[in-house]
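Below, each chain spelled out in residue letters.
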Amino acid sequence: MRKKIVAGNWKMYLNAEEAQTLVSELTSRCRNIIPASVEVILAPSFVHLCSIHQQIQNEPGFFLCAQNLHEAIQGAYTGEVSASMLKSVGCTHVIIGHSERRQYFGEKDALLANKTNQALNHNLIPIFCIGETLETREAGDTFSLIKNQLTEELFHLSAEEIKLVIIAYEPVWAIGTGKTASPEQAQEVHAFIRELLSEKYGADLSNNISLLYGGSVNPGNAQALFACKDIDGALVGGASLKATDFTEIIKAR
Ligand code: 13P
């Protein structure tokens, strides 16, 4: 049985007080309504991880996620954060390969593969993001790009390792634009990802990996996306910053 997941990526938003207010609103709204089969994952900025861990540690169904990690075990890397540091403050998950990291910080295949190894070595579950730009989609290259990202960044993993990974399909043109992929467009790519996983690791394993859709998910479109056969949940940006909207998305799952 694949896990159903709703994850909120807060990006570089919310100060300490705002973050804590959001979590207390969220936990009180969600208490007793999250079905046991659904995991809610919160990805605040590094600086809020400790305080939010305190807030959610006794809330069933809530998990803590970092937005990034460094690929080295430790070292003289001023300003960076390691996997073991994340683990030590209560993180269970970490986002890797987000398009904003690829675009603004030049993160490429080999680095993302190394970050994934580091996360898995420290028992952190990667939420690994892939997805095409508008240019790539319009050139008809979406599938070859998706295949390339999976092959170069994740397919070095053993079956034992990849079965722990959550994959998020986030078309770059749908991120923060209010322009969501249609359920058909999203499902088509999710089915393709599952097919590639199946070819490489077998159908059983592929059928057990959770695939999330991300890109302008909101209370109005979540249900139709979640109704798709290969969409197991969502990675939500903007709408995860509002307790009411994020709760509605969780309820839709
Ligand atoms: P939006 O939901 O704001 O489009 O962001 C999606 C995203 O990048 C989640 O990681």
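Anything mentioned here points back to the structure above.
Residues numbered from 1 in each chain as written. Predicted model: local features only at pLDDT ≥ 70, side-chain atom pairs only at ≥ 80, totals over all residues. Heavy atoms only, no water.

Undergrad: What is the right way to look at the site of the ligand in this model?
TA: Contacts to the ligand come from 13 residues, most closely from K11, H98, G176, S216 and G238. Between the ligand and E170 there is a distance of 2.9 Å, counted from an oxygen atom to a side-chain nitrogen or oxygen. Within the backbone of G176, a nitrogen or oxygen atom sits 2.6 Å from an oxygen atom of the ligand. For the ligand, the accessible surface in isolation is 310 Å², of which the surrounding protein chains cover 95%. (Near = heavy atom within 4 Å. Polar contact = N/O pair within 3.5 Å; in protein donor to acceptor, adjacent residues only side chain to side chain. Areas by Shrake-Rupley, 256 points an atom, 1.4 Å probe, with all protein chains shown as cover.)

Undergrad: Even after reading the chapter, I still don't get the packing of helix 5 (residues 109–121) against helix 7 (residues 142–153), so can you show me in this structure?
TA: For any two helices packed against each other, the geometry comes down to the angle between their axes and how far apart the axes lie. Where helix 5 meets helix 7, the closest approach of the two axes is 8 Å, and the angle between their N-to-C directions is 55 degrees. One element, helix 5, and the other, helix 7, form an angle in the oblique class. In this structure, the crossing between helix 5 and helix 7 has a hand that is right-handed. In this structure, helix 5 uses D109, L112 and A113 to contact helix 7, whose residues at the interface are N148, E152 and E153. Here the contact of helix 5 with helix 7 is built from residues that sort into two nonpolar, one polar and three charged. (Axes fitted to C-alpha atoms, helices over the stretch in contact; angles between N-to-C directions. Helix = DSSP H or I, 4+ residues; strand = E, 2+ residues; numbered from the N terminus. Parallel < 35°, antiparallel > 145°, perpendicular 65-115°, else oblique. Left-handed = near helix turned anticlockwise from the far one by under 90°. Contact = heavy atoms within 4.5 Å. Nonpolar A, V, L, I, M, F, W, Y, C, P; charged D, E, K, R; others polar.)

Undergrad: Please explain the side chain of Q187 as it appears in this structure.
TA: Considering the arrangement of structural elements, one finds Q187 in helix 9 (residues 183–201). Q187 has contacts with C228, K229, D230 and I231, leaving out every residue within four places of it along the chain.

Undergrad: How do you make sense of the environment of N9 when you look at a structure like this?
TA: Tracing the backbone through its elements, the reader meets N9 in strand 1 (residues 4–9). For N9, a relative accessible area of 5% corresponds to the buried category. In this structure, the C-alpha to C-alpha distance between N9 and G238, residues 229 residues apart in sequence, is 8.0 Å. When residues no more than four places from it in sequence are discounted, the contact partners of N9 are A43, Q67, I95, H98, L235, V236, G237 and S240. Engagement of the side chain of N9 in a polar contact is seen with the backbone nitrogen of K11, the distance being 3.0 Å. (Buried < 20%, exposed > 50% of the residue type's maximum accessible area, 1.4 Å probe, protein only.)

Undergrad: Sorry, what's going on with the pairing of strand 7 (residues 211–214) here?
TA: Each regular strand displays side chains that alternate between the two surfaces of the sheet. Burial of strand 7 is two-sided: the residues L211 and Y213 facing one way and the residues L212 and G214 facing the other way are all buried. Here strand 6 (residues 166–169) runs beside strand 7; their pairing, made up of three bridges, is parallel. Following the sheet pairing, I167 is matched in strand 7 by L211. Where strand 7 meets strand 8 (residues 233–236), three bridges bridge the pair, whose relative direction is parallel. Looking at strand 8, one finds that G214 is bridged to L235. (Pairing = 2+ DSSP bridges.)

Undergrad: Is there a simple way to explain unusual backbone geometry in this structure?
TA: Both trends apply: most residues other than glycine have a negative phi, and most peptide bonds are in trans. The phi dihedral of K11 is positive, around 50 degrees, even though this residue is not glycine. Within the secondary structure layout, K11 lies in the loop between strand 1 and helix 1 (16–30). Residue N123 is not a glycine yet carries a positive backbone phi of 60 degrees.

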